[in-house]
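Results of the structural survey
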Amino acid sequence: MQNSKKSFSLVKVAISLFILMMSGCVYSKNSIDPSPLALGVFPEPVFIEDDGLFDDEEDDDDLFSDDSPIVVEEQAEISDPFYYFNKAMFHVNDKLYFWILRPAALGYEAITPQFFRVGVANFFHNITMPIRFTSSLLQGDIESTGTELGRFAVNSTIGLLGIMDPATDYLDWQPNNQDMGLTLGKYGIGNGPYIVWPVFGPSTLRDTVGRSTDLFLSPLTYLQPDKLSLTVQAVDKVNATYFSLGDYEAFKQAYLDPYERMKEFYIEYRAERVAEE
């Protein structure tokens, strides 16, 4: 079974390379890609409306009748030696979101149609293929490596430079959102201390190194002049913010200490991603 999957992946790589050679698509460093300017993307907070503790009044007398010892799960402490810096940067990012990013995203929504915003998101996702391709390759994931190469070949040609996503819509080639931070994690490198960067948001020492490598692999990093690179990345950031409007607001309302919960959320989320097969 595994041999057949690997064979299929190798065939996919060969087909993708053939498409690339036939299409004659050549990208210069001045024509493409985004670097990930993000405050962090996490699962939506779970609101627990009722834990069932007081569902049945008849069971109240038996609430403490169990004499068995209570087992408390120990949770690994998150290293946060830069707590005061991190807390300050958390508040800086909070103001950046409410004072700049959110108003910009709302204004952007008002002047652009939905299909345009989806096309922009597709374009930036397509152009960051080198990050996902290299990460999958270094993880030894041949199937995902072939899928990323195939998606890029199809979406860059038939999909009009990635504005459309026929690889997903017609070929069911799903994206594999890997990055170099996850790659380092899969090699057994631990998180290291927790760090919150201005604009970039929550991270760790490992993910900071990984993100730096992602920036190196991103074609947008090499756009010239630098103002053009920053402008294009800003468009990517505002467009991405539109798709998550309301999430951060709900997150802040759900938790008494959003800084601590954001830290826990980030570490848990990245650990789950590293553990994925």
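Described in the following lines is the structure provided in the data block. (Residues numbered from 1 in each chain as written. Predicted model: local features only at pLDDT ≥ 70, side-chain atom pairs only at ≥ 80, totals over all residues. Heavy atoms only, no water.)

1. So, helix α11 (residues 258-275)
The end-to-end C-alpha separation of α11 is 25 Å, in line with the 26 Å expected for 18 residues at 1.5 Å each. Inspection of α11 places Pro258, Tyr259, Arg261, Met262, Lys263, Phe265, Tyr266, Ile267, Arg270, Arg273 and Val274 among the buried residues, and these make up the whole buried set. (Helix = DSSP H or I, 4+ residues; strand = E, 2+ residues; numbered from the N terminus. Expected span 1.5 Å × (residues − 1). Buried < 20%, exposed > 50% of the residue type's maximum accessible area, 1.4 Å probe, protein only.)

2. Section: the packing of aromatic side chains
In this structure the tally under the stated criterion is 15 aromatic pairs. Relative to Phe98, the ring of Tyr97 has its centre 5.1 Å away and its plane inclined at 85 degrees; by these criteria the two rings are edge-to-face. The exposure class of Tyr97 is buried, given its relative accessible area of 4%. Owing to a relative accessible area of 32%, Phe98 belongs among the partly exposed residues under this scheme. Site record: aromatic cluster; members linked through ring pairs are Tyr83, Tyr84, Phe90, Tyr194, Tyr259 and Tyr266. The ring of Tyr242 carries Arg117 above its face, with NZ or CZ at 4.2 Å from the centroid. Sitting over the face of the ring of Tyr255, Arg261 holds its NZ or CZ atom 5.4 Å from the ring centroid. (Phe/Tyr/Trp six-rings, centres within 6.5 Å; stacked < 30°, edge-to-face > 60°. Lys NZ or Arg CZ within 6 Å of the ring centre and 35° of its normal.)

Any functional reading would require information that these geometric values do not contain.
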